[in-house]
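# Fold and geometry: a report
Here's the letter readout for the chains.
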Amino acid sequence: MKRRTMEYHIDGLIALLLFGVFAACLMAVLFTGANAYRRLTFRNNMFYENRTCVQYMTVKVRQMNDPRAVEIESFGEGDALVFPEGEYVTRVYYYDGYLMELYSEKNSALGPEAGEKVMEAGGLKLSLEDGMLLITITDREGTGEDLMLSLYDEGEVAA
């Protein structure tokens, strides 16, 4: 009788041990999958933000009737991309951790804080040379994305 009870205890202990091993393996797989998902989601969000910012700048330049009218001027903490529209201008610039846009009169006294936040960014560098606009957008982690746009139509030569 004692022997049979002892066998039940050992069988129960082995079953409990196997269940514990199974549960530990299951938890390890779940945690590994959750970490992989978190990393992939973070990476995809960063790429999405970079692509969105680059596409935003491209669309702003391409919306101009005459892209050659695009200018760069000092504004706020750095440079601003200026899109003249008659008596008004649209300025796209970096200020206080954000890519900003300000639509105002040409000679308005509005400062960079008056603009609308477009998206978070780490910085913006602009240069215009021989009809080529170079835009470097830096994300919050410091990774830069370069965009080079020609301000002339195909076959047109810079004067």
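Structural notes, computed from the coordinates. (Residues numbered from 1 in each chain as written. Predicted model: local features only at pLDDT ≥ 70, side-chain atom pairs only at ≥ 80, totals over all residues. Heavy atoms only, no water.)

## Points about the packing of aromatic side chains
This model, assessed by the stated rule, comprises two aromatic pairs. With centroids separated by 4.8 Å and ring planes inclined at 75°, the aromatic side chains of Phe75 and Tyr93 adopt a geometry described as edge-to-face. Of this pair, Phe75 sits in strand E1 (residues 71–75) while Tyr93 sits in strand E3 (residues 88–95), placing them 18 residues apart in sequence. Neither Phe75 nor Tyr93 differs from the other in exposure class; each is buried. Taken together, a centroid distance of 5.5 Å and an interplanar angle of 15° make the contact between Tyr88 and Tyr103 stacked. One end of the pair, Tyr88, is in strand E3; the other, Tyr103, is in strand E4 (residues 98–105), and 15 residues separate them in sequence. Using a relative accessible area of 34% as the deciding quantity, one classes Tyr88 as partly exposed. A cation over a ring is seen here: Lys117 above Tyr98, with NZ or CZ 4.4 Å from the ring centre. (Phe/Tyr/Trp six-rings, centres within 6.5 Å; stacked < 30°, edge-to-face > 60°. Helix = DSSP H or I, 4+ residues; strand = E, 2+ residues; numbered from the N terminus. Buried < 20%, exposed > 50% of the residue type's maximum accessible area, 1.4 Å probe, protein only. Lys NZ or Arg CZ within 6 Å of the ring centre and 35° of its normal.)

## Examining the sheet that holds strand E7 (residues 132–138)
In a beta sheet, neighbouring strands are held together by backbone hydrogen bonds and run either parallel or antiparallel to one another. Reading across the sheet, the three strands line up as E6-E7-E8 and stay open at both edges, with antiparallel pairing between neighbours. The strands lining the two open edges of the sheet, one partner per strand, are strand E6 (123–129) and strand E8 (144–150). Strand-to-strand, the axes of this sheet are offset by a mean angle of 15°, without reference to chain direction. In this sheet, E7 lies alongside E6 in antiparallel orientation, the contact comprising seven bridges. Along E7, the bridge assignment pairs Lys125 with Thr136. (Pairing = 2+ DSSP bridges. Axes fitted to C-alpha atoms, helices over the stretch in contact; angles between N-to-C directions.)

## Things to note about the environment of Tyr93
Judged by relative accessible area, which is 0%, Tyr93 ranks as buried. C-alpha separation for the pair Tyr93 and Gly115, spaced 22 residues apart in sequence, amounts to 9.1 Å. For Tyr93, the residues in contact, after removing those within four places along its chain, are Phe75, Asp79, Ala80, Tyr98, Leu99, Met100, Glu101, Leu102, Gly111, Pro112, Gly115 and Leu124. Polar side-chain contacts of Tyr93 include one of 2.5 Å to the backbone oxygen of Pro112. (Contact = heavy atoms within 4.5 Å. Polar contact = N/O pair within 3.5 Å; in protein donor to acceptor, adjacent residues only side chain to side chain.)

## Some points on the side chain of Ser104
By the secondary structure assignment, Ser104 is in strand E4. Of note is the side chain of Ser104, whose polar atom sits 3.3 Å from the side chain of Arg91. Residues within four places of Ser104 in sequence aside, it is in contact with Tyr88, Val89, Arg91 and Leu110.

## Side note on the nonpolar core
Counting residues in each nonpolar core, the largest one holds 22 residues, and the members touching the most others are Met57, Leu81, Leu99, Leu124 and Ile135. Those elements that place two or more of their residues in this core are helix H1 (2–62), strand E2 (78–85), E3, E6, E7 and E8. The biggest single contributor to this core is H1, with five residues. With near-sequence residues (within four places) excluded, Met57 lies in contact with Leu81, Val92, Leu99, Leu124, Ile135, Ile137 and Leu147. (Core = buried A, V, L, I, M, F, W, Y, C linked by side-chain atoms within 4.5 Å.)

## With respect to the sheet that holds E1
Within the open sheet, the five strands sit side by side as E1-E2-E3-E4-E5. Their pairing is antiparallel. Because the sheet does not close on itself, it has two edges, and the strands there are E1 and strand E5 (116–120). Mean inter-strand twist for the sheet, computed between neighbouring axes without regard to direction, equals 30°.

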